[in-house]
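Structural features, examined
Here's the letter readout for the chains.
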Amino acid sequence: MRNEDMVELVYQPTRADIHAGILVRERRKRMHVVRWGFTGLFGAAAVLLVIAPKSSVLSGVLTVFCAALIWSIPHLQAQQVLRAVSWQGEHRTSVGETGIAIDTVHTTLVLRWSAFRGYRETRDHVALLGRDPGILLMGVLPKRGLHSEQDAERLRDLLNRHLPRV
């Protein structure tokens, strides 16, 4: 593969990177509606327990805890994934005509374009969503890992040639 056909990113993954990808996946699966629905339901139950004349404090505290826990699920997932990848150190990712290659000190991972159903771009990231039914495979490319704005344009061009925007 010619070097001009490849875009390289160098970055250390952060919790914010992973969180951004999880939120994109959650929106694609429409799980944010379910999560916010249950958060609201438990929040409303907590309010009702507080204003009820004969409610227990423990019930109110547990209901607030449940609402907070449901709301924080993407943050907890991001922290868990960060623990799984952060020990690998700096990530050097090459995006080219055949797919994506991620190199660290300890691992090399090569993913063909056929592994992905599409991508979504945010202000600071590009999230690649896996083709598997539950979208468990997910890649996040932080734009801060690019060398220049021209690289960002070349990355968009590569992605648009191989994947649909979702």
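See above for the structure.
Cut-offs used in this document
Residues numbered from 1 in each chain as written. Predicted model: local features only at pLDDT ≥ 70, side-chain atom pairs only at ≥ 80, totals over all residues. Heavy atoms only, no water. Pairing = 2+ DSSP bridges. Helix = DSSP H or I, 4+ residues; strand = E, 2+ residues; numbered from the N terminus. Axes fitted to C-alpha atoms, helices over the stretch in contact; angles between N-to-C directions. Contact = heavy atoms within 4.5 Å. Buried < 20%, exposed > 50% of the residue type's maximum accessible area, 1.4 Å probe, protein only. Salt bridge = Lys/Arg side-chain N within 4 Å of Asp/Glu carboxyl O. Expected span 1.5 Å × (residues − 1). Arc of directions from axis to C-beta.

A few points about the sheet that holds strand β6 (residues 125–130)
- Judged by pairing direction, the sheet is antiparallel, and its three strands sit side by side in the order β5-β6-β7 without closing on themselves. Because the sheet does not close on itself, it has two edges, and the strands there are β5 (116–121) and β7 (138–142). If you compare each strand with its neighbour and ignore which way they point, the axes differ by 15° on average.
- The pairing of β5 with β6 spans five bridges and is antiparallel. When the sheet's bridge partners are listed, Gly118 is paired in β6 with Leu129.
- Each of β5, β6 and β7 touches helix α1 (residues 15–28); the most contacted strand, β6, lies at about 50° to it.
- Those strands touched by helix α5 (residues 149–162) are β5, β6 and β7, and its axis lies near 145° from that of β5.

What about the pairing of β7?
- When you tally the buried positions in β7, you get four out of five residues, the bulk of the element.
- Strand direction decides the pairing type here: β6 and β7, joined by five bridges, are antiparallel. Across the sheet, residue Val126 finds its bridge partner in β7, namely Leu141.

A short note on the pattern of salt bridges
- This structure, assessed with the given rule, holds ten salt bridges.
- In this structure, the salt-bridge partner of Arg35 is Glu26, at a minimum N-O distance of 2.8 Å. Grouping residues by exposure puts Arg35 and Glu26 together as buried.
- The network of salt bridges with common partners includes Glu121, Lys143, Glu153, Arg156 and Arg165.

Remarks on the environment of Val95
- Summarising the element assignment, Val95 is placed in strand β2 (residues 91–95).
- A relative accessible area of 0% means that Val95 is categorised as buried.
- In sequence terms Val95 and Leu155 are 60 residues apart; their C-alpha atoms lie 7.4 Å from each other.
- If sequence neighbours within four positions are ignored, Val95 has contacts with Asp5, Met6, Val7, Leu9, Ile100, Trp113, Leu141, Leu155 and Leu158.

Brief notes about the sheet that holds strand β3 (residues 99–103)
- In space, the four strands of this open sheet follow the order β1-β2-β3-β4, with antiparallel pairing throughout. On the outer flanks of this sheet lie β1 (7–11) and β4 (108–112), each paired with one strand and no other. In this sheet, adjacent strand axes meet at a mean angle of 15° when their direction is disregarded.
- Pairing geometry for β2 and β3, over four bridges, is antiparallel. Counted as the bridge partner of Val95 is Ile100 from β3.

Focus on helix α4 (residues 73–85)
- Here α4 is 13 residues long and its end C-alpha atoms lie 19 Å apart, about the 18 Å a rise of 1.5 Å per residue gives.
- Every buried residue of α4 is accounted for by Pro74, Ala78 and Leu82. Along α4, the residues classed as buried sweep out an arc of 75° about the axis, all on the same side.
- Buried residues belonging to α4 abut α1, α2 (31–51) and α3 (57–71).

These values are about where atoms sit, not about what they do.
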